Amino acid sequence: MTSSPIHEQPGLRELLAFYSEAGVYEALVEEPVDRFSEIAQAAPGQEPRMSAAPENRRPAAADRPRAAAQRPAPPPAPAASAAVPDEAQVALARELAARASTLDELREQMAAFDGCNLKFTAKNLVFADGNPNSAVMLVGEAPGRDEDIEGLPFVGRSGRLLDRMLAAIGLDRNSAYIANVIPWRPPGNRTPTPHETEICRPFIERQIELVNPKVLVTLGGPSAKLLLNTTEGILRLRGNWRTHQTRSGTSIPTMPTLHPAYLLRNPAHKKLAWRDFLEVKAKLKELS
Ligand code: URA
């Protein structure tokens, strides 16, 4: 009996497509490799030697090392553990963000920044959508698959719900500005690590500062926790006005609310989000 070649076996193509979608581009190698030190050691402007590069940036198969024996010895591990934010990258992100005096400059700085590993598995930088002159800015967590493909935040299922929620208070993408804490899709939509979040923090903080909205709305727990500097859970936080303090000292009234993806899974909680959005509408009226 002749068995078919491995690449013709049923399901294999689909499995590989699934791995690719999830950001898995390389099989296990024989020696452990410290990917975080690869990022830390890359000079600014130079791509780290990461195996998890996006499709269009992958080296040709023939150029890819196959086993540890062919790899150069891994660089020495950095002093900080991988779970601790890389202070050098956070400092660099902060410096680049501070240097941007317009949103276009900020987008350019972010596009050129190589200090966050998520950039190398994402297809696109997801910077923002909507009108930067709006009175209201909404901040989600991180792009998903659809957002990664289109390079725009909230264009998938949860984005369609968000559009309906905005419409319910008379807003749309011409009268609201939308961004995310993390501008690159985490592979397979996994939760961004604290390390990744801290590296991206300076960019979203600067983006808020440059937009300078009258009202900020955080969508979901991670965005609320980061921008309000709290560890409180979203079900406690939501519905109550808080303050986002910018680095330059401006206080922005902030309404933490539930994430549209959560509402899709828990439709009974849509009434809570509705109340929060009515609060936002009233505050915008009060401040106009
Ligand atoms: N979820 C988010 O938090 N942001 C998006 O852009 C899409 C889904």
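Please refer to the structure placed before this passage.
Description of the structure in this document. In this text, all values refer to a predicted model and were calculated from it rather than measured experimentally.

The rules behind the values
Residues numbered from 1 in each chain as written. Predicted model: local features only at pLDDT ≥ 70, side-chain atom pairs only at ≥ 80, totals over all residues. Heavy atoms only, no water. Helix = DSSP H or I, 4+ residues; strand = E, 2+ residues; numbered from the N terminus. Buried < 20%, exposed > 50% of the residue type's maximum accessible area, 1.4 Å probe, protein only. Areas by Shrake-Rupley, 256 points an atom, 1.4 Å probe, with all protein chains shown as cover. Salt bridge = Lys/Arg side-chain N within 4 Å of Asp/Glu carboxyl O. Near = heavy atom within 4 Å. Polar contact = N/O pair within 3.5 Å; in protein donor to acceptor, adjacent residues only side chain to side chain. Nonpolar A, V, L, I, M, F, W, Y, C, P; charged D, E, K, R; others polar. Expected span 1.5 Å × (residues − 1). Pairing = 2+ DSSP bridges. Contact = heavy atoms within 4.5 Å. Axes fitted to C-alpha atoms, helices over the stretch in contact; angles between N-to-C directions.

1. Remarks on the overall build of the protein
When helices and strands are counted, the protein shows eleven helices and six strands. Looking at the protein as a whole, 44% of its 288 residues are labelled buried. In the form shown here, the protein has an accessible surface area of approximately 15,100 Å², with 53% of it arising from carbon and sulfur atoms.

2. Some words on the pattern of salt bridges
Should their charged atoms come close, side chains of opposite charge can pair. If you walk through the whole model with that rule in mind, you get 14 salt bridges. Of the charged contacts in the structure, one is a salt bridge between D146 and R145, with a shortest N-O distance of 3.8 Å. For R145, a relative accessible area of 42% translates into the label partly exposed. Measuring nitrogen to oxygen at the nearest pair gives 2.8 Å for the salt bridge that ties E209 to R206. With E209 and R206 both in helix α7 (residues 194-211) and three residues apart, the pair spans about one turn of that helix.

3. Remarks on the site of the ligand
Taken together, G140, E141, A142, P143, E147, P153, F154, S158, N180 and H259 make up all the residues around the ligand. Residue F154 places a main-chain N or O atom 2.9 Å away from an oxygen atom belonging to the ligand. For the ligand, the protein covers 92% of the area, taking 240 Å² as the surface of the free molecule. Considered class by class, the residues forming the shell around the ligand number four nonpolar, four polar and two charged.

4. Concerning helix α3 (residues 87-99)
In this model α3 runs 18 Å from its N-terminal to its C-terminal C-alpha over 13 residues, within 8% of the 18 Å that 1.5 Å per residue would give. The N-cap residue of α3 is D86: its side-chain oxygen and the backbone nitrogen of A88 are 2.9 Å apart.

5. Quick word on the sheet that holds strand β2 (residues 136-140)
With mixed pairing, six strands are arranged side by side in an open sheet as β1-β3-β2-β4-β6-β5. Of all the strands in the sheet, the pair left with one neighbour each is β1 (129-130) and β5 (242-245). Where β1 meets strand β3 (residues 177-180), two bridges bridge the pair, whose relative direction is antiparallel. The residue of β3 that forms the bridge with D129 is I178. Each of β2, β3, β4 (215-219), β5 and β6 (251-257) is contacted by α7, which is oriented at about 170 degrees to β2, the strand it contacts most.

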